[in-house]
Amino acid sequence: MSLGTFSYPTPANEPVLSYGPGSAERAALKKALAELKGQNIDVPMYIGGDEVRTGKLVAMRPPHEHRHVLGHFHAGDASHVTMAIDAALAARESWQAMPWEDRAGIFLRAAELISTKYRYHMNGTTMLGQSKNAFQAEIDAACELIDFLRFNVHYLSEIYKQQPISGPGMHNRLEWRPLEGFVLAVTPFNFTAIGGNLPTSAALCGNVVVWKPANTQVFSAQMFLRILREAGLPDGVINLIYVDGPTIGDVCFRHREFAGVHFTGSTGVFNQMWATIGANVGNYRSYPRIVGETGGKDFVIAHRSASPDVVATALLRGAFEYQGQKCSAASRAYIPSNIADEVKRLLVDGINSFKMGTVENFNNFVNAVIDEKSFDRIAKYIDDVKASGGAAASILVGGTYDKSQGWFIEPTVIEATDPKYVTMCDEIFGPVLTIHVYDADRYEEALELVDNTSPYALTGSVIAQDRSAVVLATERLRHAAGNFYINDKPTGAVVGQQPFGGARASGTNDKAGSALNLYRWLSARTIKETFVPPTDYRYPFLRGESEGI
């Protein structure tokens, strides 16, 4: 029972710590890294109130040091998916009946626990498990995850306030119900914050969730689930399981109580999900909500008026931070001929200055890609360029790789004379940037290339000092990117500032980090109450007819 209307004002974004030499946070993070690396943890699945261990152990290894074992998690099968669904549905009634302010309090407490008590453990598990440097972990596993939790509470409080008008003698109201059934959250390796947001945004709205993280993100995912439990999340509201994708899809997408999927991953997998859900739609209690953020082939287009320093910096950061393993990473760039030589020189100098290695060494800007499968796929693109003889593309800088200690691929820039060369088109998801030099006098044609080369439409940026060039790009590329940047790199969206998502082959554009996403996990009910009901079916206009007038 709620005894008031409670206020959840717009929060401030969590401050980003610097981890500079001699700072307290640097020392605390190094201590947490040593502690986490010195353990060999046993990670169960969390189903209802149980820690489920199957004995089918999968090792968790740092991508940058793949001989080291951080611990093992217990892999599940179809029976555990069913157990998780049953546990979620058993918790559903009490969870959706919990007063809103108490649900909000759980997630706000979790945000505070991450901000204070567990900041370095969230960052540390992300650094070791996903090979992120200290800064990339801080902006993800600490700041963005905290922001998702706090801002979602604010956004949902604003949604709950949205109510219809009422006429004389009646009162109208809207109930913002959770969905009827359970929500499946399928989360990727590359952002701990996404791994946390996809299940919690749905749960905040009163839904119960089955959460399947990527195997390569389990180390940080289990840390977050433990924090949620400490914050007071009831058993069964979010059930964390480690099952392969086909198995979880086969069970969940056939279940009558399947109410929706919150997904971040590849376009191909999302397309398959959509087709399977469509084939089973007659079996469901309600039409499921299908929310997905998928691939990207994100662009930077520079105008002849652009500063070469600005262009090169945007590319060096946008393409190579976190080894290019961001959905938003700059992957293709269009450079005008008048500044091309200088931009290329700056790119070569910048990459040659990068330091690459383990995350424990804070001097390293670049770390390892996530696993051997990713390593081999990225290396093949590089090898194909080398084998092409330079007819359509050549390597400007980089192009080496080594898997002896970790999955290390040197940041690589490919120069493509063919603007439709494969690396200008395919999503590579690694530290590979392809540039194409265009005639500086043919800017509008270059914009057409940007718009039509890729099926994706996630992020992109224009760099220009000429405002008319900015205006033209903003107009012509209106549907080419859901997040569009002017004179900046196409990465680094901040919750509450740049709601994130794209359309076309990049997903449903439901904008994580905004109220738009939360609407997808709600089902509105309109209630009209009449205070003095009528007692005669006849309307006034009928009286004249009965009297012969």
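Residues numbered from 1 in each chain as written. Predicted model: local features only at pLDDT ≥ 70, side-chain atom pairs only at ≥ 80, totals over all residues. Heavy atoms only, no water.

### A look at the nonpolar core
By size, the foremost hydrophobic cluster in this structure holds 104 residues, and its most contacted members are Leu 184, Ile 238 and Ile 241. Looking at this core element by element, the count peaks at twelve residues for helix α5 (residues 134–161). Residues within four places of Ile 238 in sequence aside, it is in contact with Tyr 46, Pro 199, Thr 200, Ala 203, Val 209, Trp 211, Leu 225, Leu 228 and Leu 233. Counting residues in hydrophobic clusters, the runner-up holds 33 residues, among them Val 369, Ile 414, Ala 469 and Ala 473. (Core = buried A, V, L, I, M, F, W, Y, C linked by side-chain atoms within 4.5 Å. Buried < 20%, exposed > 50% of the residue type's maximum accessible area, 1.4 Å probe, protein only. Helix = DSSP H or I, 4+ residues; strand = E, 2+ residues; numbered from the N terminus. Contact = heavy atoms within 4.5 Å.)

### Section: the sheet that holds strand β14 (residues 393–397)
As summarised here, the arrangement of the seven strands in space is β14-β17-β18-β13-β12-β20-β21, forming an open sheet in which the pairing is mixed. At either end of the open sheet lies a strand with only one pairing partner, and these are β14 and β21 (483–486). On average, adjacent strands in this sheet sit at an angle of 20° to one another, irrespective of strand direction. Here strand β17 (residues 412–416) runs beside strand β18 (residues 432–438); their pairing, made up of four bridges, is parallel. Across the sheet, residue Val 413 finds its bridge partner in β18, namely Leu 433. Where helix α11 (residues 340–353) meets the sheet, it contacts β13 (330–336), β14, β17 and β18, and its direction lies at approximately 55° from that of β14. (Pairing = 2+ DSSP bridges. Axes fitted to C-alpha atoms, helices over the stretch in contact; angles between N-to-C directions.)

### Considering the sheet that holds strand β4 (residues 57–60)
With mixed pairing, the three strands of this open sheet are ordered in space as β1-β5-β4. Strand pairing shows two members of the sheet lacking a second neighbour, β1 (41–43) and β4, which therefore form its edges. Mean inter-strand twist for the sheet, computed between neighbouring axes without regard to direction, equals 25°. Both β4 and strand β5 (residues 71–74) contribute to a ladder of four bridges, which runs antiparallel.

### Description of the domain arrangement of the protein
Assigned domains of the protein: these are domain 1 (42–162 + 176–294 + 507–528) and domain 2 (298–486). Its C-alpha centre places domain 1 at a distance of 31 Å from the equivalent point of domain 2. Buried surface at the junction of domain 1 and domain 2, summed over both partners, amounts to about 2100 Å²; 57% is from carbon and sulfur atoms. Ranking the residues of domain 1 by area buried against domain 2 places His 64, His 66 and Phe 189 at the top, with a combined share of 25%. Applying the counting rule to domain 1 against domain 2 returns zero salt bridges. Connecting domain 1 to domain 2 are 13 residue pairs in polar contact (both at pLDDT 80 or more). (Domains from an automatic or database assignment. Buried area = accessible area lost by both parts, 1.4 Å probe. Salt bridge = Lys/Arg side-chain N within 4 Å of Asp/Glu carboxyl O. Polar contact = N/O pair within 3.5 Å; in protein donor to acceptor, adjacent residues only side chain to side chain.)

### A word on the packing of helix α10 (residues 308–320) against α11
Interhelical geometry of α10 versus α11 gives an angle of 45° and a closest axis separation of 9 Å. By the angle class used here, α10 and α11 are oblique. By crossing handedness, the relation of α10 to α11 is classed as right-handed. Residues Pro 308, Asp 309, Val 311, Ala 312, Leu 315, Leu 316 and Phe 320 of α10 lie in contact with α11, whose contacting residues are Glu 342, Val 343, Leu 346, Leu 347, Gly 350 and Ile 351. Per-class residue counts for the contact of α10 with α11 are ten nonpolar, one polar and two charged. (Parallel < 35°, antiparallel > 145°, perpendicular 65-115°, else oblique. Left-handed = near helix turned anticlockwise from the far one by under 90°. Nonpolar A, V, L, I, M, F, W, Y, C, P; charged D, E, K, R; others polar.)

### Observations concerning unusual backbone geometry
Both trends apply: most residues other than glycine have a negative phi, and most peptide bonds are in trans. If you check the backbone angles, Phe 429 has positive phi at about 60° while not being a glycine. Looking at where Phe 429 falls in the secondary structure, it is placed in the loop between α13 (422–425) and β18. In this structure, Lys 511 is a non-glycine residue whose phi angle is positive, near 55°. Here Lys 511 falls in the buried class, since its relative accessible area comes to 11%.

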